[in-house]
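Inside the fold
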Amino acid sequence: MRILHTSDWHFGKKLEGMKRIEEQEKFINNLKDIVQGEEPDLILIAGDIFDTPNPSAEAETLFFESLKKISLNGKVGIIIIPGNHDNGERLAAVKSLVKDIGVIIYKRPYEIKKLGKYGNMEILESYEGGILLNIKKEKIFLYSLPYPSETALNETFEEGKYSERIGEILREGIKNNKTNIPTVIMGHLFVTKEDKDIELGGSMAVKVRDLPDVDYIALGHIHKPMKFNSKRACYSGSPIEYRSTENSFLKKVFIVDIKGNLNTNIKEIILENYKPIREYISNSIEEAIEVSEKLKFRDEWIYLTIKTNTHLKSSEIRKIKENKNIVEIIPILLGEKSYNEEIDYSEINIKEAFLEFYKSKDGISPSKEVLNLFEKLVGDDK
Ligand SMILES: [Mn+2]
């Protein structure tokens, strides 16, 4: 059986307030082409479909369109679990409508799915979190674990025992596969090679060694593609660079051929970069204005650092921001730090005190305009 594994779509996510919906649409078209070319039997989406529990109508519309597109109008089955960013109940609200086109959506851990046909797939047996699936006369046992928070699992984790506990839940869950049918697990988890107990954004870590040995583990949560070969466990990562720190690695989806008896072949497919995040540095405000003008028609998000010895005027900021792709201007003030801690402000006049105080903040002297304005405000106090 051939599986396509993806996760962390984060539909509706923005970059410093800028919408990414166009890139998210481009990803779905890219993914549809991959599905057509690779012909998977099943698509697994391992959580964080949306960026927030209350996604915008625009993000939801894109999600519904995506199901239709990447399933090739119901030909390829899709199974989805919620991540920590999703509201499982809301994500699964559409389930009865999408059942006939072969989409199964979990709303919470331990959910028992109804037996029967789901488009071209059929659930032959159903347990807490586990299903025995028949797709085109091939069978797999799939155990799904949506983001396992204490609330979702309705239990309190014992200090230092989280990783072991998750391992136990997974082992218990796959026990219902009593035959030699290949087993696949899908989970929204923070898995790490580290042996220490660590946390990521409030999620406790599951150690690789605590994962069970199955044919494949499709993971979601971490945005960088990763493989834990000893357990055939992978993070597909997010399809889009969601932060500037994500521009150092390629975005991927995985094509996984499950042959049984732990004989699994994992292939990585590199996604297009629909709109890269780039960082530029200018050595003056004039240069920054020139750079932003030059980059205007380039399809990239821009963080622009400006080394300057004066503060940016609002007119200069406006000029730079004529380039709609500038997400942030980061000024670095290059004054000599001449702040004198010893100064006794009672000994000097108010204009001198203002100059010293201004310099103490940014290490540069105020412009003529600022100084004139200050004098006008306080009157002529010599
Ligand atoms: Mn997540």
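Along each chain, residues carry numbers from 1 onward, in the same order as the chain's sequence is written. Only residues with pLDDT of at least 70 are given local features in this predicted model, and only at 80 or more are side-chain atom pairs given and counted; all residues enter the totals for whole chains, interfaces and linings. Computation of side-chain values: all heavy atoms of the structure, hydrogens and water removed.

A grouping of Ile350, Leu373, Leu377 and Val378 is seen on the molecular surface, where their side chains present a nonpolar patch of about 370 Å² in accessible area. Numbering of helices and strands runs from the N terminus, with a helix taken as a DSSP run of H or I at least four residues long and a strand as a DSSP run of E at least two residues long. If you tally residues by element for the nonpolar patch, the top one is helix 10 (residues 368–378), at 3 residues. Within the secondary structure, leucine 377 is located in helix 10. For every residue, the accessible area (1.4 Å probe, protein chains only) is compared with the maximum for its type, and the residue is labelled buried under 20%, exposed over 50%, or partly exposed between those bounds. The exposure class of leucine 377 is exposed, given its relative accessible area of 69%. Nonpolar side chains (Val, Leu, Ile, Met, Phe, Trp, Tyr) within 5 Å and like charges within 9 Å form the patches, drawn only from residues with over 30% relative accessible area and no salt bridge. The protein chains shown are the only cover counted for residues, whose accessible areas, like all others here, come from Shrake-Rupley with a 1.4 Å probe. What counts as a salt bridge is simple: a side-chain nitrogen of Lys or Arg found within 4 Å of a carboxyl oxygen of Asp or Glu.

Opposite charge on two side chains allows them to pair when their charged atoms are near. Here the structure, examined in full by the defined rule, presents 26 salt bridges. The closest approach of N and O atoms between glutamate 268 and lysine 227, which form a salt bridge, is 3.5 Å. Here glutamate 268 is found in strand 19 (residues 264–270), whereas its partner lysine 227 is found in strand 16 (residues 226–228), with 41 residues between them in sequence. Overall, lysine 227 belongs to the partly exposed group, its relative accessible area being 28%. Via salt bridges that share partners, Arg2, Glu38, Asp257 and Lys267 belong to a single interconnected network.

The next thing to look at is the nonpolar core. What makes a nonpolar core is a set of buried Ala, Val, Leu, Ile, Met, Phe, Trp, Tyr and Cys residues whose side-chain atoms join them at distances within 4.5 Å. Counting residues in hydrophobic clusters, the biggest one holds 35 residues, and the most contacted among them are Trp9, Phe63, Ile70, Ile80 and Ile105. Among the elements of the structure, helix 1 (21–38), strand 4 (42–45), helix 2 (57–70), strand 5 (77–80), strand 6 (103–105) and strand 18 (252–258) are those that each provide at least two residues to this core. Considering every element that reaches this core, the biggest residue donor is helix 1, with 6 residues. By definition in these notes, contact holds between two residues if any of their heavy atoms fall within 4.5 Å. Leaving out residues up to four positions away in the same chain, isoleucine 105 has contacts with Phe63, Ile80, Leu91, Ala92, Val94, Val98, Glu111 and Lys113. Of all hydrophobic cores here, the second largest spans 28 residues; its members include Leu132, Phe141, Leu145 and Phe228.

What follows covers the coordination of the manganese ion. For the manganese ion, the full set of protein donor atoms is Asp48 (OD), Asn84 (OD1), His188 (NE2) and His221 (ND1), at a range of 2.1 to 2.3 Å. Read from N- to C-terminus, the donor residues coordinating the manganese ion fall into the pattern D-x35-N-x103-H-x32-H. One end of the pair, asparagine 84, is in the loop between strand 5 and helix 3 (88–91); the other, histidine 221, is in the loop between strand 15 (216–220) and strand 16, and 137 residues separate them in sequence. In this structure histidine 221 comes out as buried when scored by relative accessible area, which is 11%. Distances decide who is a donor: an N, O or S atom must be within 2.8 Å of the metal, or within 3.2 Å for Na, K and Ca. Water is not included, so sites may look incomplete.

A word on the packing of helix 1 against helix 2. The geometry of helix 1 relative to helix 2 is characterised by a closest axis approach of 10 Å and an angle of 10° between their N-to-C directions. Put simply, helix 1 runs roughly parallel to helix 2. Of helix 2, the residues touching helix 1 (which contributes Ile21, Gln24, Glu25, Ile28, Asn29, Leu31, Lys32 and Val35) are Glu58, Ala59, Leu62, Ser66, Lys69 and Ile70. When the residues that make up the contact of helix 1 with helix 2 are grouped by side-chain class, the tally is 7 nonpolar, 3 polar and 4 charged. Throughout, an axis means a line fitted to C-alpha atoms (over the contacting stretch in the case of helices), and angles, computed between N-to-C directions, take values from 0 to 180 degrees. Note on angle classes: values under 35 degrees are labelled roughly parallel, values over 145 roughly antiparallel, values of 65 to 115 roughly perpendicular, and the remainder oblique. When residues are grouped by polarity, Ala, Val, Leu, Ile, Met, Phe, Trp, Tyr, Cys and Pro land in nonpolar, Asp, Glu, Lys and Arg in charged, and all others, Gly among them, in polar.

Once that is clear, we can look at helix 1. To estimate the expected span of a helix, subtract one from its residue number and multiply by 1.5 Å. Along its 18 residues, helix 1 runs 25 Å from first to last C-alpha, staying within 8% of the 26 Å computed at 1.5 Å per residue. Buried within helix 1 we find Ile21, Glu23, Gln24, Phe27, Ile28, Asn30, Leu31, Ile34, Val35 and Glu38. Directly after helix 1, the chain includes glutamate 39, whose backbone phi takes a positive value near 50°.

Judged by which residues are buried, strand 4 turns out to be covered on both faces: Leu42 and Leu44 on one side and Ile43 and Ile45 on the other are all buried. Between any two strands, at least two bridges found by DSSP are needed for them to pair. Relative to strand 4, strand 1 (residues 2–6) is paired through 4 bridges, and the arrangement is parallel. Paired with threonine 6 across the bridge in strand 4 is isoleucine 45. For strand 4 and strand 5, the ladder comprises 4 bridges, and the chain directions are parallel. Each residue of the ladder has a partner; that of isoleucine 43, found in strand 5, is isoleucine 78. Here is how to tell: hold the view so the strands point away, follow the path from the first strand over the helix to the second, and if it runs clockwise the crossover is right-handed. The parallel pair strand 4 and strand 5, bridged by helix 2, forms a crossover whose chirality is right-handed.

Right, let's get into the side chain of asparagine 325. Residue placement: asparagine 325 occurs in the loop between helix 8 (314–320) and strand 22 (326–333). Polar contact criterion, stated in full: a pair of N or O atoms within 3.5 Å, where within protein one must be able to donate a hydrogen and the other to accept it, and residues adjacent in sequence count only if both atoms are side-chain atoms. Within the structure, the side chain of asparagine 325 is placed 3.1 Å from the backbone oxygen of arginine 298, a separation counted as a polar contact.

Moving on, we come to the sheet that holds strand 20 (residues 277–282). One open sheet holds the 3 strands; their spatial order is 20-21-22, and the pairing between them is parallel. At either end of the open sheet lies a strand with only one pairing partner, and these are strand 20 and strand 22. Sheet twist, expressed as the average angle between the axes of neighbouring strands with direction ignored, equals 15°. Packed onto the sheet, helix 7 (residues 285–294) meets strand 20, strand 21 (301–308) and strand 22 and runs at close to 165° relative to strand 21.

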